[in-house]
There are 2 protein chains.
Amino acid sequence: MTKADPHTLLFTDLAEIARTLGHAHRLMLLEHIAQGERPVERLAELTDLTVANTSQHLQHLRRAGFVETRRDGKRVLYRLGNGPIEAVLTSLRGYAEHMRAEIRQLIADPINADGRHDSISRDELLERLLTGGITLLDVRSTEEYAFGHLPGALNIPADELERRLSELPRGREVVAYCRGPYCVLSTTAAALLEAKGFRVRRLAAGFPDWKAAGLTVEA
Amino acid sequence: MTKADPHTLLFTDLAEIARTLGHAHRLMLLEHIAQGERPVERLAELTDLTVANTSQHLQHLRRAGFVETRRDGKRVLYRLGNGPIEAVLTSLRGYAEHMRAEIRQLIADPINADGRHDSISRDELLERLLTGGITLLDVRSTEEYAFGHLPGALNIPADELERRLSELPRGREVVAYCRGPYCVLSTTAAALLEAKGFRVRRLAAGFPDWKAAGLTVEA
DNA sequence: TAATCATTCAAGCAAATGATTGATTGATAG
DNA sequence: CTATCAATCAATCATTTGCTTGAATGATTA
């Protein structure tokens, strides 16, 4: 019953590699290890897992060649393997990013219509940030904001915007942004602000684009 | 108990994508779909799965965005999604290739010693192939050979070599190759041939390198 | 409208996977 | 040599996954 077909075997290998990356805990461990060599116990506390569980995931990763070990006294230090791991992770992240955009587009498209609110380009925003006179508004969740945001941005999640309008200075143009080109949050926010008499534009590209362009991000 | 941490969520998404690719059957289906639109039933027979099982895997792939569907009469045609799928698969294949090379190195190294048999470079081999006078010998399995080999190569798997020696023309230099730089097959083959009075060299790099260099490959 | 065909759904089962616990191994320090 | 500490192993259990079977859906054709 064993398939000797080399074509099938290739797929089995490929699948095993993919499955190794198919668990959030292992991906988290990989990311920490990518920062530098770490002992098991440290990785366990970084990922909030038990030591035994961590050890098992690490061995799974090692079987697939994603990590390597060396002993240092009584500790075992894990480091990244030397294969083209980054390429795999990057392509995965790229794919995930694409999917998020697609989903957002599906949700946002009907609402988004076409350009009901003026948008502002990244370059123009940069210029306006320097010359001043605008309020930069991040309408994503507090969690997302905490994870990184545009410099000087004020954070009011879209669903809290109406009751927190007083926090926005009057008389200044507002530039709202959220997750990306098709994120619906900044659109609804812009509609609300306009109704309340603000002058408002949206940063079309959103946060990921800003970050990808290598511009500064505040934590 | 739900983790709202966006960092964790990102990893969960990534893991789900990876896990979708973590099954040989789904990878096989993807490959067939990559050739062009196909109805479920055709995919089922191509992959030798039941229709229901195929349908389930396809829906898994669709949830992850790897494939899309359209109806044509009573059939449902599956086609590739429009995300950067090829990038993901290519990086995976690249990683798998790297791992195979590493494993081979581990197995072969002790046997391989250092250059017990003369090796021949890719460029020199190319020249010799044109001027003639050598027998190019592929000592990998018949399956691997069938999947692609160097132009004009004769295929005698290493373990059949001894009893099929008569197939090799006498008086010509033999160049043996197998899977890669550390593949043990061509080393043992060279040892045998030398003992039998042949002049023999090994192609150090092996088949994958040849292919990677963009040189012609026969099916 | 009924009959047929391709696909999907739903239930059930076997196998694989992930997490926990407690025992075991390997290495240092007293 | 014993005590201690980090990591791994081994056994167990709950959950998830993959596959099969038979019924339900959606679209065509008679």
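Small disclaimer: the values here were computed from a predicted structure and weren't measured. (Residues numbered from 1 in each chain as written. Chains lettered and ligands numbered in written order. Predicted model: local features only at pLDDT ≥ 70, side-chain atom pairs only at ≥ 80, totals over all residues. Heavy atoms only, no water.)

A. View of helix H2 (residues 24-34) of chain B. Along H2 of chain B, the residues that are buried comprise Ala24, Arg26, Leu27, Met28, Leu29, Leu30 and Ile33 of chain B. Just beyond H2 of chain B, the residue with positive phi is Gly36 of chain B, at close to 150°. (Buried < 20%, exposed > 50% of the residue type's maximum accessible area, 1.4 Å probe, protein only. Helix = DSSP H or I, 4+ residues; strand = E, 2+ residues; numbered from the N terminus.)

B. Spotlight on the environment of Gly22 of chain A. Tracing the sequence through the fold places Gly22 of chain A in the loop between helix H1 (6-20) and helix H2 (24-34). Given a relative accessible area of 3%, Gly22 of chain A falls into the buried group. In this structure Gly22 of chain A touches Ala15, Ala18 and Arg19 of chain B, once residues within four positions along its chain are discounted. (Contact = heavy atoms within 4.5 Å.)

C. Summary view of the interface of chain A and chain B. Tallying the contact residues gives 41 residues for chain A and 42 residues for chain B. Interface area for chain A against chain B, summed over the two sides, is near 3,700 Å², with a carbon-plus-sulfur share of 73%. Interface area lost by chain A to chain B is led by Phe11, Leu14 and Tyr95 of chain A, which between them contribute 18%. Our enumeration of links across chain A and chain B arrives at 1 salt bridge. Going through the elements one at a time, H1, H2 and helix H5 (85-112) of chain A are the ones with two or more residues in the side of chain A that touches chain B. It is H5 of chain A that provides the largest number of residues to the side of chain A that touches chain B, a total of 13 residues. Tallied by class, residues from the side of chain A that touches chain B come to 22 nonpolar, 10 polar and 9 charged. (Buried area = accessible area lost by both parts, 1.4 Å probe. Salt bridge = Lys/Arg side-chain N within 4 Å of Asp/Glu carboxyl O. Nonpolar A, V, L, I, M, F, W, Y, C, P; charged D, E, K, R; others polar.)

D. Summary view of the relation of the copies chain A and chain B. Laying chain A over chain B is done by rotating through 180° and shifting 0.4 Å along the axis; what remains is an RMSD of 0.7 Å. The transformation just described matches what one would write down for a two-fold rotation axis. A shared interface surface links the copies, since 100% of the contact residues of chain A are contact residues in chain B too. (Least-squares fit on C-alpha atoms with pLDDT ≥ 70 in both.)

E. Summary view of the protein's contact with DNA strand D. Not every one of the 22 residues close to DNA strand D is listed here, only the nearest: Glu41, Ser55, Gln59 and Tyr78 of chain A together with His57 of chain B. In DNA strand D, atoms within 4 Å of the protein come from the sugar-phosphate backbone in 79% of cases. Take Ser55 of chain A: an N or O atom from its side chain is 2.6 Å from a phosphate oxygen of DNA strand D. The set of elements that each furnish at least two residues to the surface near DNA strand D consists of helix H3 (40-47), helix H4 (51-63) and strand E3 (75-80) of chain A together with H2 and helix H4 (51-63) of chain B. The residue makeup of the surface near DNA strand D, split by class, is 7 nonpolar, 9 polar and 6 charged. (Near = heavy atom within 4 Å. Polar contact = N/O pair within 3.5 Å; in protein donor to acceptor, adjacent residues only side chain to side chain.)

F. Main features of the protein's contact with DNA strand C. Close to DNA strand C lie 22 residues; His57 of chain A together with Glu41, Ser55, Gln59 and Tyr78 of chain B are nearest. Between DNA strand C and Asn53 of chain A there is a distance of 3.1 Å, counted from a phosphate oxygen to a side-chain nitrogen or oxygen. Within the side chain of Lys74 of chain B, one N or O atom sits 3.3 Å away from a sugar or linking oxygen of DNA strand C. If you list the elements that add at least two residues to the surface near DNA strand C, you get H2 and H4 of chain A together with helix H3 (40-47), H4 and strand E3 (75-80) of chain B. Taken together, the residues of the surface near DNA strand C break down into 7 nonpolar, 9 polar and 6 charged.

G. Region of interest: the pairing of strand E7 (residues 173-177) of chain A. Residues and elements named next belong to chain A. The element E7 is largely enclosed, with a buried count of 5 among its 5 residues. Bridge count between strand E5 (residues 134-138) and E7: 5 bridges; the pairing is parallel. The partner of Thr135 across the bridge, within E7, is Val174. Judged from the 3 bridges that link them, E7 and strand E8 (residues 200-203) form a sheet pairing that is parallel. Bridged to Val175 within E8 is Arg201. (Pairing = 2+ DSSP bridges.)

H. Fine view of empty space enclosed by the protein. Applying the stated criterion to the full structure yields 1 cavity of 30 Å³ or more. For the largest cavity, the calculated volume is near 40 Å³. In terms of lining, the largest cavity is formed by Ala18, Leu21, Val88 and Leu92 of chain A together with Ala18, Leu21, Val88 and Leu92 of chain B. Breaking the lining of the largest cavity down by element, the ones donating at least two residues are H5 of chain A together with helix H5 (85-112) of chain B. (1 Å grid on protein atoms, 1.4 Å probe; cavity = no way out; pocket = protein on both sides within 12 Å on 5 of 7 lines; lining within 4 Å. Points joined across faces, edges and corners; volume = space filled by probe spheres on them.)

I. Up close: the sheet that holds strand E6 (residues 154-155) of chain B. Residues and elements named next belong to chain B. Reading across the sheet, the 5 strands line up as E4-E8-E7-E5-E6 and stay open at both edges, with parallel pairing between neighbours. Of all strands in the sheet, those with a lone pairing partner are strand E4 (119-120) and E6, marking the two edges. As paired elements, E4 and strand E8 (residues 200-203) share 2 bridges and run parallel to each other. Note that in E8 the partner of Ser119 across the bridge is Arg202. Sheet strands in contact with helix H6 (residues 122-131) are E4, strand E5 (134-138), strand E7 (173-177) and E8, and its direction is about 125° off that of E5. (Axes fitted to C-alpha atoms, helices over the stretch in contact; angles between N-to-C directions.)

J. Quick peek at the side chain of Asn155 of chain A. Residue and element names in this part refer to chain A. Checked against the element boundaries, Asn155 lands in strand E6 (residues 154-155). Assessed through its relative accessible area of 12%, Asn155 is described here as buried. Within polar-contact distance, the side chain of Asn155 engages the backbone oxygen of Asp138 at 3.0 Å. Of the polar contacts made by the side chain of Asn155, one reaches the backbone oxygen of Arg140; its length is 3.2 Å. Once you skip the residues sitting within four places of it in the chain, Asn155 turns out to touch Asp138, Arg140, Ser141, Thr142, Tyr145 and Arg164.

Interpretation in functional terms is not warranted from these geometric data alone.
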